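Each chain is listed here by its residues.
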Amino acid sequence: MPSVIWGADNQSISSGLKKMSDIYNQRIKPQYLKTIEKNKHILPLTRIIEKLNKTGTVGDNNFFIFEEDEIPQSVQLLASQPTTTDTDLVMTASDMIKAIKVGHIMQCPRTGEQFTIEAVNYATYTLSVTRGHGGSTPTALLINDYFQIFSMSDTEGNTAPSGTGVEPKKVTNYLQIAKKSIEVTGRMQNADTYQGGNEMREWEKMLVAFEQEQEKAYLFGLLSSTGRVTTGGLKYWISTNLVDASAGMTETILEAFLQKSYRFNQGKKLIFLAGENMMAWLQKFGKDRLEYAESDVVPGVMVTRFRSLWGGGASEFIPHGMMTSNYDGGLTYAGYCFGINPELVGKVAFRGREMQYLKGKQTPDLDGIKNYVLSDFGLYLGNERSHSLMYGISNPLA
């Protein structure tokens, strides 16, 4: 059973993985990368993974296991709705409750009220507090209010607090087998219709189609571990930071989405893969807030920067060519926008089957050739709370 320990501290996910095979690196990868660059508008996630070298292999089974770990967060969410006098606050169930200790000072930014933590029940996620610390005014609280841990204020001569360790969570994803063939007759092999011959032309066309299917699996794949095994994609894994914009898109909703996207990222920059509806709304909200420049996160990738309160003052958006009304006749994916921490996204392949171009697979009496490309691949998505998804975004021009 492979055990892949990845990226808990935002280091390269390649640690703990074998390198891609020499055959792949020398013979196939150059053409693969060239095709990605030529089709970067429809392969932005694949391109980000390759640009940042977030790739590796396993060789024990058709699945891979990685451990999610993270620094205990200073942001907590309220699950109850206490009055101005209640002193027990029930927080959203999460291992991050372990970050709170007796003596911590905590503030609700919405109200400005500060609280002193007097006791913590980790089993029920309940904080016993003293309200109105430092003369702040006790105020009624709302479900999903944010709380920020400020600092520790311990009493003189007290013992050290317990540790804040969080047990790493094991996550399993699967490698799916992808294949795509080309067939060229003997006559067309020798025709002068296309420079370089029809086999090369068909190979290039097939490689583009193959990479598009891989990109769609990265985005929308549903995990299946039996029968025809498939890898889980972004939409499958992202569950914490979801925003439904189907009731109507506004600037306030966009800012709330960005706030959710950044709250668990410890100051890391994100990349937003945006459908055409999101890109149209960014234009509508104000061209004076947009800037076209090279990404600060992924070298060599051009992005649309949107100035906002979050993400260090600017968030980077890349229009995704597969999430458009021209590509998606039902318009569903045109209303999607994924926020990803690119340091925690990667590709895993089965060792020796990263991508193979297998020749001579035609039947013995065929006047022509049949070759195919094969790859066992899966998506690594570390620390699910570091990523986000907005869906249901309408077209502002409709």
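Enquirer: How would you summarise the sheet that holds strand E15 (residues 302–307) if you had to cite specific residues and measurements?
Expert: The strand order across the open sheet formed by 7 strands is E12-E21-E17-E13-E16-E15-E14, and the pairing between neighbours is mixed. Unpaired on one side and paired on the other, strand E12 (242–244) and strand E14 (290–294) mark the two borders of the sheet. Strand-to-strand twist of the sheet, defined as the mean angle between neighbouring strand axes without regard to direction, takes the value 25°. Sheet topology note: the strand E13 (residues 271–274)/strand E17 (residues 337–340) ladder contains 4 bridges and is antiparallel. In the sheet register, Ala274 faces E17, and the bridge partner there is Cys337. Strand contacts of helix H2 (residues 44–51): E13, strand E16 (314–319) and E17, with the helix running at about 155° to E13, the strand carrying the most contacts.

Enquirer: Give a description of the nonpolar core that names residues and reports values.
Expert: Core analysis: the biggest nonpolar cluster contains 39 residues, and Leu45, Leu234, Ile271, Leu273, Phe338 and Ile340 have the highest contact counts within it. At the level of elements, helix H1 (22–38), H2, strand E11 (176–185), helix H4 (198–220), E13, E17 and strand E20 (368–381) are the ones that each hand at least two residues to this core. For this core, the leading source of residues is H4, giving 8 residues. Discounting residues that sit within four places of it in the chain, Ile271 has contacts with Ile48, Ser295, Val297, Val298, Val303, Glu316, Ile318, Phe338, Gly339, Ile340 and Pro342. In terms of nonpolar packing, the next biggest core, distinct from the first, is built from 21 residues, Leu270, Phe272, Cys337 and Ile393 among them.

Enquirer: Help me get a handle on the pairing of strand E6 (residues 104–107), residues and values and all.
Expert: What you see with E6 is no split at all: His104 and Met106 on one side and Ile105 and Gln107 on the other are buried throughout. Where E6 and strand E9 (residues 146–152) come together, 4 bridges link them in antiparallel fashion. Within E9, the residue paired with Ile105 across the bridge is Ser151. As judged from the 3 bridges shared by E6 and strand E7 (residues 114–121), these two strands associate in the antiparallel manner. Each bridged residue has a counterpart across the sheet, and for Ile105 the counterpart in E7 is Thr116. Between E6 and E7, which follow one another and run antiparallel, lie 6 residues, and Gly112 among them has a positive phi close to 85°.

Enquirer: Lay out helix H6 (residues 251–262) in plain terms, naming residues and giving numbers.
Expert: Given a rise of 1.5 Å per residue, 12 residues ought to cover 16 Å, and the 17 Å separating the end C-alpha atoms of H6 matches this to within 8%. Among all positions in H6, only Leu254, Glu255, Phe257, Leu258, Ser261 and Tyr262 are buried. Each buried residue of H6 sits inside an arc of 155° when the element is viewed along its axis, so together they form one side.

The rules we used
Residues numbered from 1 in each chain as written. Predicted model: local features only at pLDDT ≥ 70, side-chain atom pairs only at ≥ 80, totals over all residues. Heavy atoms only, no water. Pairing = 2+ DSSP bridges. Helix = DSSP H or I, 4+ residues; strand = E, 2+ residues; numbered from the N terminus. Axes fitted to C-alpha atoms, helices over the stretch in contact; angles between N-to-C directions. Contact = heavy atoms within 4.5 Å. Core = buried A, V, L, I, M, F, W, Y, C linked by side-chain atoms within 4.5 Å. Buried < 20%, exposed > 50% of the residue type's maximum accessible area, 1.4 Å probe, protein only. Expected span 1.5 Å × (residues − 1). Arc of directions from axis to C-beta.

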